[in-house]
Amino acid sequence: MRVWADDARRAGRRIGFVPTMGFLHEGHLTLVREARSRCDACVVSIFVNPLQFGPGEDLDRYPRDEQGDKAKLEAEGVEVLYSPTGDSMYGAGFQTAVSVTEVTKGLCGAGRPGHFDGVTTVVAKLFNAVRPDEAVFGEKDYQQLATIRRLVVDLDLGIAIVGVPIVREADGLAMSSRNAYLSEDEREAALALSRSLSEARRALRSGERETAVLIDRVRAVLATEPLLQVEYTEIVDADSIQPVDRIDKSARLALAVHVGNTRLIDNTLLAAA
Ligand code: PAF
């Protein structure tokens, strides 16, 4: 990977990078198109990173489709698919962690201890292998995006981080590889996530600025689906990911919900008028 990237850079080509865990859907392909439109060469990595899964999470059943992924990337004109093995990523004696401490504390970081250290450690390693000019991440994992932005600034990595809006199914469900786990009933229930976000945007448009009230509205929508178990619904500052009491400038409403054995996340911008 390093040799190819060094050659590409020597040839004056700017490298766009999309890190993924595979089982690619339209959301990932949107990131790929963004990277291709911004840079001369596009690298996509596929690596299901064991470090970012906690005990009892879905590492063993995480969906995979190597051939399908390869075909999709070829069809998009991606030049390089980088898929390192677990051993080459974390060889014997591996013991280093890259940790972004504050942005990762709340939201998913609270419910998944160690998750973001796993993400930042692997992303630092991937960045080091690819050394891209730009890297593209989805806003669906909004806290992850904020964390990577912090990582790049704090470690002077000199990589432009590009966030891409969430891609949704026609009925509003945010695209995710984990949607493959949902039964028909669970998928139907999961539509309440995007409905609840729309409800908050509607309330904000009609003048409601108090986050406690907006969160009550969100929870009321989620409560209409007995199959859903809410992990968190919070409104946070878009950069620091710290909770805010009022929407005085743009904020992010984020939620995590369990549907059966599947954990889903979603979020939306709440833009103060
Ligand atoms: O968003 C993901 O798919 C993963 O967290 C990432 C960024 C590829 C790191 O493993």
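For clarity, every value in this text was computed on a predicted model and none was experimentally measured. (Residues numbered from 1 in each chain as written. Predicted model: local features only at pLDDT ≥ 70, side-chain atom pairs only at ≥ 80, totals over all residues. Heavy atoms only, no water.)

Right, let's get into the pattern of salt bridges. For the structure shown, the criterion picks out 23 salt bridges. In this structure, the salt-bridge partner of Glu 26 is Arg 33, at a minimum N-O distance of 2.7 Å. A relative accessible area of 35% means that Glu 26 is categorised as partly exposed. Classification of Arg 33 as partly exposed rests on a relative accessible area of 36%. Among the ionic pairs, Arg 112 bridges to Glu 57, the shortest N-O distance being 2.6 Å. Of the two residues, Arg 112 is situated in the loop between helix 5 (107–111) and helix 6 (115–130) and Glu 57 in the loop between strand 2 (41–46) and helix 3 (66–75); the sequence distance between them amounts to 55 residues. Glu 57 gets classed as partly exposed once you look at its relative accessible area, which sits at 31%. Three or more residues joined by partner-sharing salt bridges are found here, namely Arg 14, Glu 34, Arg 38 and Glu 134. (Salt bridge = Lys/Arg side-chain N within 4 Å of Asp/Glu carboxyl O. Buried < 20%, exposed > 50% of the residue type's maximum accessible area, 1.4 Å probe, protein only. Helix = DSSP H or I, 4+ residues; strand = E, 2+ residues; numbered from the N terminus.)

In this structure the tally under the stated criterion is 5 aromatic pairs. Taking the centre distance of 4.9 Å and the plane angle of 70° together, the rings of Tyr 90 and Phe 94 count as edge-to-face. Judged by its relative accessible area of 31%, Phe 94 is partly exposed. Ring centres of Phe 127 and Phe 137 lie 6.4 Å apart, and the angle between their planes is 80°; this geometry places the pair in the edge-to-face category. Here Phe 127, found in helix 6, pairs with Phe 137, found in strand 4 (residues 134–138); they are 10 residues apart in sequence, far enough to count as distant. Side by side, Phe 127 and Phe 137 carry an identical accessibility label, which is buried. Among the aromatic residues, those joined into a cluster by ring pairs are Phe 17, Phe 127 and Phe 137. The lysine or arginine in question, Arg 61, covers the ring of Tyr 181, its NZ or CZ lying 4.0 Å from the ring centre. (Phe/Tyr/Trp six-rings, centres within 6.5 Å; stacked < 30°, edge-to-face > 60°. Lys NZ or Arg CZ within 6 Å of the ring centre and 35° of its normal.)

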